[in-house]
Amino acid sequence: MRRCLLLLACLFGFVALPTYAADNPLRIMSFNIRLPVESDGVDYWETRKPLAVRMLQEQQPDVIGMQELVKSQADYLARELPQYAWFGRGRDADGGGERMGVFYRTDRLKVIESGDFWLSDTPDVPGSITWDHLYPRMVTWALFEQRSDGKRFYLFNTHLPYRDQDEAARVKGATAIAAHLAALPAGVPVVLTGDFNTTPDSDVHVVLARTLQDAWTTALRVEGSDATFHGFTGNADKRIDWIFVKGAQPESITSVTTRWNQRYPSDHFPLVMTLRLP
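Quick look at the structure, then. Bear in mind the structure is a predicted one, so any value in this text is a computation, not a measurement. (Residues numbered from 1 in each chain as written. Predicted model: local features only at pLDDT ≥ 70, side-chain atom pairs only at ≥ 80, totals over all residues. Heavy atoms only, no water.)

### Here's the deal with the pattern of salt bridges
Defined as follows: Any carboxyl oxygen of Asp or Glu within 4 Å of a side-chain nitrogen of Lys or Arg constitutes a salt bridge here. The secondary structure listing takes helices from DSSP runs of H or I that are at least 4 residues long and strands from runs of E that are at least 2 residues long, numbered from the N terminus. Each residue gets one of three labels from its accessible area relative to the maximum for its type: buried under 20%, exposed over 50%, partly exposed in between, using a 1.4 Å probe on protein chains only.
If you walk through the whole model with that rule in mind, you get 16 salt bridges. A salt bridge links R105 to D62, with the shortest nitrogen-to-oxygen separation between them at 3.9 Å. Of this pair, R105 sits in strand β4 (residues 102-105) while D62 sits in the loop between α2 (45-59) and β2 (63-67); the two residues are 43 residues apart in sequence, bridging distant segments of the chain. The burial state of R105 is the same as that of D62; both residues are buried. The partner of E223 in a salt bridge is R221, with the nearest N and O atoms 3.5 Å apart. The partly exposed category is assigned to R221, whose relative accessible area is 46%. Put simply, D62, R105, D107 and R108 are held in one network by salt bridges that share partners.

In structure tokens:
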């Protein structure tokens, strides 16, 4: 009888149905959103920002690891997407600058703990730069818990340096990340999202793949373009955005290549991975 009453109440609008089923897999996105740069011209953030919102509304990720995010972008997305909360300090010493911001659906996930570390010889010093980096490079992370069943997972999000001469620094960054992941409690799945600014045939990928699985090559279903950086042209030629996983089997991964009026939300295609926690 109670179930019948609940069904009738839902049909007549008295009870709001949840926006997801408890047994749905997690939808995890990696998204280099491209910071606001006026030299982007017609692809400047002020033009792209409604496209970013539309894309996120269509994809409905549960958690998003963003790169190149600045606070004005994060505040705009938070206003337009009230089902999400976000965190992530800027990479500079004063907390400003680009962020490895993490957005998450508050109806599905809660943050148990979170933090940051810098990819340098002094990882606990905000804004620290070594290894010939041009800018500070960092990682933002969190331990999440699913509200439906209490299952937990870690998310780590990063952005490695982009210059050709930065390969040694990228390898050091990947090694530092791998060391942090190795120190985590056993048995809790880990997801690493990021723009790694190098290709899968690099030593960076080798370092991470020793203990993590590349979702693009190990997911049960793969769709879309394997290359992700397209420079607002739609013609991607490099797979530099990756999602790695440990402790769970990726069910699917896809690159999001949708556009509106010949415009894209970013100069990178976002990746969306589905993952069911064990």
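From this point on, the discussion continues.
### A look at the layout of surface pockets
For the record, the criterion: Residues are said to line a cavity or pocket when one of their atoms sits within 4 Å of a point; the points come from a 1 Å grid over protein atoms alone, cavities being sets where a 1.4 Å probe fits but cannot get out and pockets being open sets with protein on both sides within 12 Å along at least five of seven lines. Grid points are joined across faces, edges and corners, and a volume is the space filled by probe spheres set on the points. Side-chain classes are defined by residue name, with Ala, Val, Leu, Ile, Met, Phe, Trp, Tyr, Cys and Pro counting as nonpolar, Asp, Glu, Lys and Arg as charged, and the others, Gly among them, as polar.
Counted as a void, the largest pocket has a volume near 410 Å³. Taken together, 20 residues form the lining of the largest pocket, with Y162, D195, N197, F229 and I240 sitting closest to its centre. Residues belonging to the lining of the largest pocket are distributed by class as follows: five nonpolar, five polar and ten charged.

### Structural notes on the nonpolar core
To be explicit about the condition: Side-chain atoms within 4.5 Å link the members of a nonpolar core, which is a set of buried Ala, Val, Leu, Ile, Met, Phe, Trp, Tyr and Cys residues. Contact between two residues is taken to exist if any of their heavy atoms lie within 4.5 Å; hydrogens are not considered.
Ranked by internal contacts, the top residues of the largest apolar core, which has 24 residues, are F156, L192 and L208. Those elements that provide at least two residues to this core are β6 (138-146), β7 (152-159), α4 (167-182), β8 (190-195), α5 (203-209) and β11 (241-246). Per element, the largest residue contribution to this core is five residues, and it comes from α4. Apart from the residues within four sequence positions on either side, L208 is in contact with A174, I177, L192, F196, W242 and F244. Counting 23 residues, the second largest nonpolar core, distinct from the first, contains Y104, V191, A215 and L271.

### Quick notes on the sheet that holds β6
Selection criterion: Here, strands pair whenever DSSP counts at least two bridges between them.
Reading across the sheet, the six strands line up as β5-β6-β7-β8-β11-β9 and stay open at both edges, with mixed pairing between neighbours. On the outer flanks of this sheet lie β5 (109-118) and β9 (213-214), each paired with one strand and no other. Bridge count between β7 and β8: six bridges; the pairing is parallel. Pairing of H159 across the sheet is with D195, part of β8.

### Points about the side chain of H159
We apply this condition: A 3.5 Å cut-off defines polar contacts: any pair of N or O atoms within that distance qualifies, except that in protein one atom must be a possible hydrogen donor and the other a possible acceptor, and neighbouring residues in sequence count only when both atoms are side-chain atoms.
Residue position: H159 is located in strand β7. We classify H159 as buried; its relative accessible area is 5%. Here D195 takes part through its side chain, which lies 3.1 Å from a polar atom of the side chain of H159. Reaching out from H159, the side chain makes a polar contact with the side chain of N197 at a distance of 3.3 Å. The residues contacting H159, other than those within four sequence positions of it, are N32, Q67, E68, E98, M100, R137, M138, D195 and N197.

### Brief notes about a nonpolar patch on the surface
Definition in use: Patch building starts from residues that exceed 30% relative accessible area and form no salt bridge, then joins like charges within 9 Å and nonpolar side chains (Val, Leu, Ile, Met, Phe, Trp, Tyr) within 5 Å. With residues, only the protein chains shown are counted as cover, and all accessible areas are computed by Shrake-Rupley using a 1.4 Å probe.
On the surface, L134, Y135 and Y162 cluster together to form a nonpolar patch covering roughly 310 Å² of accessible area. Position of Y135 relative to the elements: it lies in the loop between β5 and β6. Assessed through its relative accessible area of 36%, Y135 is described here as partly exposed.

### Here we look at the pairing of strand β12 (residues 250-255)
Pairing of strand β10 (residues 221-223) with β12 involves three bridges; the strand directions are parallel. Counterpart to R221 in the pairing with β12 is S252. Relative to strand β13 (residues 271-275), β12 runs antiparallel, the two being bridged by five bridges. Residue pairing for β13: S255 is matched across the bridge by L271.

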